[in-house]
Amino acid sequence: MTESSKGLMLFSGRSNRPLAEKIAGKLNAELSGVKITTFANGEVFARYKQSVRGNELFIIQSVSNYEGGSVNDALMELLIMCDAAKRASARSITAVITHFGYSRQDKKSAAREPITGKLVSDMISVSGVDRVITIDLHQGQIQGFFDIPVNHLTAIPIFANHFSSMNLRQVCIVSPDVGRAKAAKKLADIMGADLAILHKSRPAHNQAEVSNVIGDVEGRTCILNDDIIDTGGSIASGVQALKRKGAGDIYVCATHGLFSGSAYERLSAENIKEVVVCDTVPVPQHILNGKFKTVSVAPLLAQAIANVFSDASVSELFDPDFAL
């Protein structure tokens, strides 16, 4: 598949170019050129280096912090790249958003709060995007914030493949809260494991308290599955609650490893055998050691791009039996 024969063009923003290069490699394609600069006052500028007229563009960007920029920089960069493509007469624009920033602000939990996830969805739609491909939104209902097609993928089969290869015994998949229970149940079903759920409350932003463990974890190998590791507070609290209930070895997996603040130090200090995250956001190389590992979503995203481009079904990629 090449851009010259098919009209497919791949572009990457600055937030996660290594993943974009992996995706391009899986598609036997190359990343096309785009000039992205930041002016002295902080404004972002983007210009495509060749004609995009009549082509189908896939713009790969993680709305997250990255070396040299913030989550807000990444968002504005994506919007500006999409606007430039629309004004350059691209046939279609697909935003491949490997981490959807602001997705945790998906509802009003108290008076006078914003629903920023909806605001960001509106901004992306207005920028000229025709379709969104993303992976493990904080809540699946966020798809409804868009009035354009959203292909919502999941890393659950990737984690299932990773842990199944380890031949773990007496496995119990643990959901960090009730909201994640459906996804955790899918992982448990694939692995033929039991399910447990933590009862969690949040006294403040980036703070979590686990008050109870629902399910039998005593002596079990527990795999705590979440969509995001941010400050690590929820994971640390969950691990401590599982240990109090007599859990055996504890593994942690999450799609998006943000590792904000002292998250790395906090999780390193906990009794965790392994922490596995995907490469949906850039993970600092210095933290990748025997305990912290990454698995790649490049094959999954590349297949989604190929299917969208060829008008094939994308629903097969939601199937837990999809072989990566």
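Quick note: structure is the one above.
This write-up is about the structure you can find in this document. Counting starts from 1 at the beginning of each chain's written sequence and moves along it residue by residue. In view of the model being predicted, local features appear only for residues whose pLDDT reaches at least 70, and side-chain atom pairs are presented and counted only at 80 or more, with totals across whole chains, interfaces and linings using the full set of residues. Note that the side-chain values use all heavy atoms of the structure and ignore hydrogens as well as water.

Moving on, we get to the sheet that holds strand β1 (residues 8–12). What the five strands build is an open sheet, ordered β1-β4-β5-β6-β7; its pairing is parallel. Pairing within the sheet leaves two strands with one partner each, and these edge strands are β1 and β7 (150–153). Across the sheet, the axes of successive neighbouring strands diverge by a mean angle of 15°, strand direction being ignored. Bridge analysis of strand β4 (residues 56–61) against strand β5 (residues 92–97) gives six bridges, and the strand direction is parallel. From the neighbouring strand, Ile 59 faces β5, where its bridge partner is Ala 95. The sheet contacts of helix α3 (residues 71–87) involve β1, β4 and β5, and relative to β4 the element is tilted by about 170°. Only strands joined by at least two bridges in the DSSP assignment are considered to pair. Strands here are runs of E lasting at least two residues and helices are runs of H or I lasting at least four, both read from the DSSP assignment and numbered beginning at the N terminus. To define axes, lines are fitted to C-alpha atoms, for helices over the stretch in contact only, and angles between the resulting N-to-C directions are given on a 0 to 180 degree scale. In what follows, a contact means two residues having at least one pair of non-hydrogen atoms within 4.5 Å.

On to the nonpolar core. One finds Leu 10, Ile 23, Leu 153, Phe 159, Ile 173, Met 191 and Ile 305 to be the most contacted residues of the largest nonpolar core, which totals 46 residues. Apart from residues no more than four positions distant in its own chain, Ile 23 is found in contact with Ile 60, Ala 298, Leu 301, Ala 302 and Ile 305. Side-chain atoms within 4.5 Å are what join buried Ala, Val, Leu, Ile, Met, Phe, Trp, Tyr and Cys residues into a set we call a nonpolar core. Exposure classes here rest on a 1.4 Å probe applied to the protein chains alone. A residue is buried below 20% of its type maximum, exposed above 50%, and partly exposed in between. Residues Met 9, Leu 79, Ala 95 and Ile 142 belong to the second largest nonpolar core, which totals 33 residues.

This part is about the packing of helix α2 (residues 17–26) against helix α9 (residues 298–309). The N-to-C vectors of α2 and α9 enclose an angle of 60°; their axes lie 8 Å apart at closest approach. As judged from the angle between their axes, α2 and α9 are oblique. For the element pair α2 and α9, the recorded crossing hand is right-handed. Where α2 abuts α9, its residues Leu 19, Lys 22, Ile 23 and Lys 26 lie against Ala 298, Pro 299, Leu 301, Ala 302 and Ile 305. Under the scheme applied, nonpolar residues are Ala, Val, Leu, Ile, Met, Phe, Trp, Tyr, Cys and Pro; charged residues are Asp, Glu, Lys and Arg; polar residues are all the others, including Gly. Across the contact of α2 with α9, the residue classes tally to seven nonpolar, no polar and two charged. An angle below 35 degrees is treated as roughly parallel, one above 145 as roughly antiparallel, one from 65 to 115 as roughly perpendicular, and anything else as oblique. Should the near helix be turned anticlockwise from the far one by less than a right angle, the crossing is termed left-handed; should it be turned clockwise, right-handed.

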